Amino acid sequence: VLNPPPLDASRIAAIRSNGRGIHFIRQRFWCRECDADVRAYAGLERDAECEREGYKWYSELDPRFSCECGRLDLDLSILRTNLHGLLGLAIPLSTETTPVSLYEKATLVELSRNFKELLDSAPHEEILQRFITDNPILLNSFDATRIFPKAPILTKHKTDFAILTASRQLLLVELEKTTTRLIKTGGGTHSDLQHAFDQTRDWKHLIEEHRVAALECIGLRSNDVAGVVLAVVAGRDKPYEPEHLRRLKSGMAPHLRFYTYDDLAASLEALIEKFARV
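1. Topic: the overall build of the protein
A count of helices and strands for the protein gives nine helices and 13 strands. Dimensions along the principal axes, computed over C-alpha positions, put the protein at roughly 80 × 45 × 25 Å. Put simply, 66% of the contacts in the protein that link residues at least 6 apart link residues at least 24 apart. Carbon and sulfur atoms make up 49% of the accessible area of the protein, which amounts to about 14600 Å² in all.

If you want it as structure tokens, here you go:
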């Protein structure tokens, strides 16, 4: 029994960030004697065609099902509260369960092309934030269980994303411009990027000082979060020396991560390659 979190907007965004995850599932139980059956489904949204075929939205099932001949009697309480917990998983399921994958390779290829074109246009941070919010698959490398766009840090700050990972780490993400300067001539962190790091450290300090209230503002409970990690996404790989970039990315403190927008694009390309091998 999974007892999964509710299928709210933050959970749906996390499921959509998983390129190989299930986004729709149907389950049928039937009596082999009288052929009476009960059909249930769960998905990221309701499906009228599925309901015309006799499937019920999982949370609207009756508490029990008994067939006409009396040979099959099922308690449906677990199905009513847990079927949506399979959404987002990429696991082999029984033959009685029909999963549907959320993305096709062609869809991801087109998204990758659109994202690269957007990056090349040097857009404002708000445009980038909206594009990623609309296409959370770009956050696939973060192993999200919940994603909160524009999550507040009390009343003082607002993140671009707050991501709760499968390991219960709360990742607070700051998006900067694609043109943000990253490295000074000869190496070393540029002041533009350092400013972004300093801002995220303010977020972490506030959460440490007011943990319960700060997490409640996001929509989380204190025991949902094992730790807080900061992430800054800024700039492009070019024109920097690969060795300078490697040192910058590998030299972060344990609670701090840095990515360029090319890293997000590369994670999507890697996912496309996985689709190509299937």
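So much for the structure itself; the text now carries on.
2. Description of the environment of Glu174
Tracing the backbone shows Glu174 in strand β11 (residues 169-175). On the basis of relative accessible area, Glu174 is assigned to the buried category, the value being 8%. Setting aside residues no more than four positions away along its own chain, Glu174 makes contact with Asp160, Gln199, Thr200, Trp203, Ala231, Val232 and Val233.

3. Some remarks on unusual backbone geometry
Residue Lys238 is joined to Pro239 through a cis peptide bond whose omega torsion reads 10°. Backbone geometry at Asp35 places phi at a positive 65°, although glycine is not the residue there. Note on placement: Asp35 falls in the loop between β1 (22-30) and β2 (37-43). Assessed through its relative accessible area of 49%, Asp35 is described here as partly exposed.

4. Digging into the packing of aromatic side chains
For the structure shown, the criterion picks out six aromatic pairs. Ring geometry for Phe142 versus Tyr259: centroids 5.4 Å apart, planes at 75°, classification edge-to-face. Here Tyr259 lies in strand β13 (residues 256-259) and Phe142 lies in the loop between α5 (125-134) and β7 (144-149), a separation of 117 residues in the sequence. No difference in accessibility class separates Phe142 from Tyr259, as the two residues are buried. A network of ring pairs unites the aromatic residues Phe24, Tyr41, Trp57 and Tyr58 as a single cluster. Above the ring of Tyr55, the side-chain terminus of Arg39 is found at 5.6 Å from the ring centroid.

5. A short note on the sheet that holds β11
Sheet strands pair by backbone hydrogen bonding; their relative direction is either parallel or antiparallel. Spatially, five strands are ordered β7-β10-β11-β12-β13 in an open sheet, and the strand pairing comes out mixed. A single partner strand is all that each edge strand has here, and the edge strands are β7 and β13. Taken over all neighbouring pairs, the strand axes of this sheet differ in orientation by 20° on average, direction set aside. As judged from the five bridges shared by β7 and strand β10 (residues 161-165), these two strands associate in the antiparallel manner. Across the sheet, residue Pro149 finds its bridge partner in β10, namely Phe161.

6. Quick look at the pattern of salt bridges
Two side chains that carry opposite charge are able to pair once their charged atoms sit near each other. Within this structure, the stated rule accounts for 23 salt bridges. The closest approach of N and O atoms between Lys116 and Glu269, which form a salt bridge, is 3.0 Å. Of the two residues, Lys116 is situated in helix α4 (residues 105-120) and Glu269 in helix α9 (residues 261-277); the sequence distance between them amounts to 153 residues. Classification of Lys116 by relative accessible area gives partly exposed; the value is 35%. A relative accessible area of 28% means that Glu269 is categorised as partly exposed.

7. Points about the pairing of β2
Of all the seven residues making up β2, five are buried; the element is thus mostly covered by neighbouring parts of the structure. Sheet analysis places β1 next to β2, joined by seven bridges and oriented antiparallel. Residue pairing across strands places Gln27 opposite Ala40, the latter belonging to β2. Between the end of β1 and the start of β2, which pair antiparallel, lie six residues, with Asp35 showing a positive phi angle near 65°. Strand direction decides the pairing type here: β2 and strand β3 (residues 56-57), joined by two bridges, are parallel. Its bridge partner lying in β3, Ala40 is registered against Lys56.

8. Quick notes on the side chain of Thr200
Along the chain, Thr200 falls in helix α6 (residues 191-209). A polar contact of 2.8 Å, which involves the side chain of Thr200, links it to the backbone oxygen of Phe197. In contact with Thr200, not counting residues within four places along its chain, are Glu174, Leu230, Ala231, Val232 and Leu256.

Analysis parameters
- Residues numbered from 1 in each chain as written.
- Predicted model: local features only at pLDDT ≥ 70, side-chain atom pairs only at ≥ 80, totals over all residues.
- Heavy atoms only, no water.
- Helix = DSSP H or I, 4+ residues; strand = E, 2+ residues; numbered from the N terminus.
- Contact = heavy atoms within 4.5 Å.
- Areas by Shrake-Rupley, 256 points an atom, 1.4 Å probe, with all protein chains shown as cover.
- Buried < 20%, exposed > 50% of the residue type's maximum accessible area, 1.4 Å probe, protein only.
- Phe/Tyr/Trp six-rings, centres within 6.5 Å; stacked < 30°, edge-to-face > 60°.
- Lys NZ or Arg CZ within 6 Å of the ring centre and 35° of its normal.
- Pairing = 2+ DSSP bridges.
- Axes fitted to C-alpha atoms, helices over the stretch in contact; angles between N-to-C directions.
- Salt bridge = Lys/Arg side-chain N within 4 Å of Asp/Glu carboxyl O.
- Polar contact = N/O pair within 3.5 Å; in protein donor to acceptor, adjacent residues only side chain to side chain.

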